[in-house]
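The primary structure of each chain is shown beneath.
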Amino acid sequence: MRKQVLFIQGAGEDGYEADAKLVASLQNALGTNYEISYPRLQTDEAAPDFGWIKQIGNEIDKLNDGVILVAHSLGASLLLKYLSENKASKKVAGILLLSTPFWTGNEDWVQGLKLQEDFAQSLPQNSRIFFFHCRDDEEVPFDHLATYRQKLPAATFREIESGGHQLGNNLTLVAKDIQNL
């Protein structure tokens, strides 16, 4: 049976299309032993989390135990929010987060995106967590990675020299970590 990977897109007008290149790179690097699910998330501007939290939960519900979760940018931060505030219906083998923003501030629009102070204690037990971030990310400052490193010291952190917010559309490094789960 092929291993299941759920890839959660980043935001933006063309976020789904832009991240399709990441999905293609990951599928190519993983090969035929892995099946990637890549749903298009619908954005509800009126919802504090853009309506993504419920959709993420629904997508996880469709998969088998041992699922591998990969998410990019806003999708990565909202996947963390979902996993820390809800009990996942499936056992999660790994959580791989790409270019993940750490939301702060008092603006109304950011409140539905912020993690709870104790979020790290509520993440699935026995799931390996990986963060990938390029030093030259033009969208999410590289120092957000340091914040996650403080909050989740047991996670694995991959600092990448270049590739920008889209990691150069090359997820070979991510695939290697998935294959080693």
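Overview of the structure. Since the structure is predicted, the reported quantities are computational estimates derived from the model, not experimental observations.

## So, helix α4 (residues 143-151)
Here's step 1: Within the span of α4, buried status applies to H144, L145 and Y148. For α4, the arc enclosing every buried residue in end-on projection is 105°, short of the 170-degree limit, so these residues lie on one face. Exposed and oriented more than 90 degrees from the buried face of α4 are D143 and Q150.
Here's step 2: Tucked into the core, α4 has its buried residues touching α3 (74-85), β5 (128-134) and β6 (156-160).

## Some points on the sheet that holds β5
Here's step 1: Within the open sheet, the six strands sit side by side as β2-β1-β3-β4-β5-β6. Their pairing is parallel. In this open sheet, the two edge strands, each paired with only one partner strand, are β2 (34-37) and β6. On average, adjacent strands in this sheet sit at an angle of 20° to one another, irrespective of strand direction.
Here's step 2: Of the strand pairs in this sheet, strand β1 (residues 3-8) and strand β3 (residues 67-72) are connected by four bridges, and their pairing is parallel. For I8, the partnering residue across the bridge sits in β3 and is A71.

The rules behind these values
- Residues numbered from 1 in each chain as written.
- Predicted model: local features only at pLDDT ≥ 70, side-chain atom pairs only at ≥ 80, totals over all residues.
- Heavy atoms only, no water.
- Buried < 20%, exposed > 50% of the residue type's maximum accessible area, 1.4 Å probe, protein only.
- Helix = DSSP H or I, 4+ residues; strand = E, 2+ residues; numbered from the N terminus.
- Arc of directions from axis to C-beta.
- Contact = heavy atoms within 4.5 Å.
- Pairing = 2+ DSSP bridges.
- Axes fitted to C-alpha atoms, helices over the stretch in contact; angles between N-to-C directions.

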